[in-house]
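Examination of the molecular architecture
Single-letter residue listing:
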Amino acid sequence: MMNVYFYPHSFLRDRHLDTIRRWPRAAVVNPDVVESRRGQHFSRDTAVSGRIAATSWKQRVPLINVKRRPSDVPADAAVYVWGALMATGPFITELDNPYSLVGYNLRAMTLWRPVLKAILASRRCLEIRCMSAACRDTLVALFGADIGKKTKVFYPRMSERVHAVDTVAEDGPRFLFIGSQFDIKGGPALLKAFPKVRAALPSARMDIITHLPDRHAALADQPGVNVHASRYSRDELWEGFMKKSDVLVHPTYVDSFGMVVLEALAHGMSVIATDVYALREMVDDGTSGRLIEPPVSIWDGVLPAPLYYKLDRAVDEIDAVDTSTFESALADAMINIGQERERLLASRRASLDLFRRRFGREDRP
């Protein structure tokens, strides 16, 4: 196996650190890149800013996300980089969606697509790793079948957290929402839907872990809802919340993958989510949970929708959308899954089975 140097991005999340830690140790040139590091999260200021993406000059100017090869990389090593390309030398790139290659600037993709295709097709690009089949489909749509053949789907590595699902919450059903960026993850629509759930299921409870914008405080102040500041590590979320919950509700408008959904599957939780990009790969609709059509999304299938062109004012755009039909669909899905103990138990077991079949592999880096 070729030696790999992991590019020292300033912002690394748990899934990035997992990739480094699980890579064969003898082949990692710079294992110290993960020492004393904890997966990073959005700050409260960023989460409530009203933007999906930062608006630095790199996002405004149509450029390629290309990195210089660090000077300490051995000549015989490949650089492993996330969401980017390397200017020189052999490299492996991992993508959640191909638009990261241009800093999510859609105009840049139009301008630079031939150059990007040439670099991806070159011998220097040893491997293109996609987090999902949706990402690979976008690559094919943008760059053609030859690039698609060079692309491999590598779902994020994760170990199952439970070995069996034998019961559901006695004081439930218990629903869980985790998303630091409350507005763009569909949080307001979920809060508006919950009174209907509570009317049908009086014992229903919902924990919300987020950076709650002040303007939604009154909406969150309702029976059965408990809001927790978004400050927990992944292990704390597992032990403190997922372990005690039945259903993850993930009504997002923006995700490319949705790591929290994969984490829920690893814990044997049923999932109610929007049918956005790769989420359908993690939910067997009607079996392990429900997929619901979102009222707005940055994606139209595997290609950008109009909202993707307005990342700097995403919350304002979302606020202008009528979500009443979506709220009703959310409530109905939560009631349907939660009203019968055996149905909820079967749904949770189906999630764990899906995780094992599709995501539980431990035989590759």
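Summary of the structure given here. (Residues numbered from 1 in each chain as written. Predicted model: local features only at pLDDT ≥ 70, side-chain atom pairs only at ≥ 80, totals over all residues. Heavy atoms only, no water.)

1. Description of the nonpolar core
For the record, the criterion: Nonpolar cores are built from buried Ala, Val, Leu, Ile, Met, Phe, Trp, Tyr and Cys residues. Side-chain atoms within 4.5 Å join them into one set. Partly exposed residues are those whose accessible area sits between 20% and 50% of the maximum for their type, while under 20% is buried and over 50% is exposed, using a 1.4 Å probe and protein chains only. Residue contacts are counted whenever heavy atoms from the two residues lie within 4.5 Å of one another.
Core analysis: the biggest nonpolar cluster contains 108 residues, and Leu120, Phe175, Val197, Met206, Ile272, Leu330 and Met334 have the highest contact counts within it. When sequence neighbours within four positions are dropped, the list of residues in contact with Leu120 reads Leu85, Thr93, Leu101, Cys125, Ile128, Leu139, Phe143, Ile147 and Lys150. Phe6, Ile20, Tyr80 and Trp82 belong to the second largest nonpolar core, which has 13 residues in total.

2. Here we look at the packing of helix 7 (residues 187-200) against helix 12 (residues 324-338)
We count it as follows: Angles here are taken between N-to-C directions and fall from 0 to 180 degrees, while the axes themselves are lines fitted to C-alpha atoms, restricted in helices to the stretch in contact. A run of DSSP states H or I qualifies as a helix once it reaches four residues; a run of E qualifies as a strand once it reaches two. Both are numbered from the N-terminal end. For classification purposes, angles smaller than 35 degrees are called roughly parallel, those larger than 145 roughly antiparallel, those between 65 and 115 roughly perpendicular, and all remaining angles oblique. Each helix crossing is assigned a hand: it is left-handed if the near helix lies turned anticlockwise from the far helix by less than a right angle, otherwise right-handed if that turn is clockwise. Note on residue categories: nonpolar means Ala, Val, Leu, Ile, Met, Phe, Trp, Tyr, Cys or Pro, charged means Asp, Glu, Lys or Arg, and polar means any other residue, Gly included.
Close contact between helix 7 and helix 12 brings their axes to 8 Å; oriented N to C, the two are set at 45 degrees. For the element pair helix 7 / helix 12, the angle class is oblique. Along this stretch, helix 7 crosses helix 12, giving a crossing that reads as right-handed. Facing Ala189, Leu190, Lys192, Ala193, Phe194, Lys196, Val197 and Ala200 of helix 7, the residues of helix 12 in contact are Phe326, Glu327, Ser328, Leu330, Ala331, Asp332, Met334 and Ile335. By residue class, the composition of the contact of helix 7 with helix 12 is 11 nonpolar, one polar and four charged.

3. Some details on the side chain of Glu263
As a reminder of what qualifies: Note that His is not counted, nor are the chain ends; the positive residues are Lys and Arg, and the negative ones are Asp and Glu. Within this document, salt bridges are pairs made up of a side-chain nitrogen of Lys or Arg and a carboxyl oxygen of Asp or Glu, the two lying within 4 Å of each other.
With respect to the secondary-structure elements, Glu263 resides in helix 10 (residues 259-266). One buried charged residue, Glu263, forms no salt bridge at all, with the nearest opposite charge on Arg234 at 4.6 Å. In contact with Glu263, other than residues within four places in its own chain, are Met158, Arg234, Trp238 and Met242.

4. Considering empty space enclosed by the protein
This is how it is decided: Only protein atoms enter the 1 Å grid, on which a cavity is a set of points fitting a 1.4 Å probe that cannot get out and a pocket is an open set with protein on both sides within 12 Å along at least 5 of 7 lines, lining residues being those with an atom within 4 Å of a point. Grid points are joined across faces, edges and corners, and a volume is the space filled by probe spheres set on the points.
Inspection of every chain in the model, using the stated rule, returns three cavities of 30 Å³ or more. In this structure, the second largest cavity encloses a volume near 40 Å³. Lining the second largest cavity, in full, are Ile20, Arg21, Trp23, Arg25, Val28, Pro31 and Val34. Here the residues of the lining of the second largest cavity sort into five nonpolar, no polar and two charged.

5. Examining the pattern of salt bridges
Within the structure shown, the criterion is met by 23 salt bridges. Among the salt bridges present, the one from Glu94 reaches Arg15, with a minimum N-O distance of 3.0 Å. Separated by 79 residues along the polypeptide, Glu94 in strand 5 (residues 91-95) and Arg15 in helix 1 (residues 14-22) bring together distant segments of the chain. For the pair Glu94 and Arg15, one class covers both residues: buried. As a salt-bridge pair, Arg161 and Asp235 come within 2.7 Å of each other at their nearest N and O atoms. Of this pair, Arg161 sits in the loop between strand 7 (151-153) and strand 8 (174-181) while Asp235 is found in helix 9 (residues 234-240), placing the two residues 74 residues apart along the sequence. Classification of Arg161 as partly exposed rests on a relative accessible area of 34%. One network of salt bridges, with partners in common, ties together Asp171, Arg174, Arg205 and Asp207.

6. A word on helix 13 (residues 341-359)
Stated precisely, the cut-off is as follows: A helix is expected to span 1.5 Å for every residue after the first.
For helix 13, with 19 residues, the first-to-last C-alpha span of 26 Å sits near the 27 Å given by 1.5 Å per residue. Among the residues making up helix 13, those that are buried are Leu344, Leu345, Ser347, Arg348, Ala350, Ser351, Leu352, Leu354, Phe355 and Phe359. Taken together, the buried residues of helix 13 touch strand 11 (247-250), helix 10, strand 12 (270-274), strand 13 (289-292) and helix 12.

7. Re the pairing of strand 8
Defined as follows: Pairing between two strands requires that DSSP report at least two bridges joining them. For a crossover, the right-handed case is the one in which the path from the first strand over the helix to the second runs clockwise, viewed with the strands pointing away from the viewer.
The buried fraction of strand 8 amounts to eight of the eight residues, a majority that puts the element mostly inside the structure. In terms of strand pairing, strand 8 meets strand 9 (residues 205-211) through six bridges, oriented parallel. When the sheet's bridge partners are listed, Arg174 is paired in strand 9 with Arg205. Traced from strand 8 through helix 7 to strand 9, the parallel crossover comes out right-handed.

8. Some thoughts on the state of the cysteines
To keep it simple, the criterion reads: The disulfide criterion is simple: two cysteine sulfur atoms within 2.5 Å.
Following the criterion strictly, the structure yields zero disulfides and no others. In this model Cys125 remains outside any disulfide bridge; the closest cysteine sulfur is found in Cys130, 11 Å from its own.

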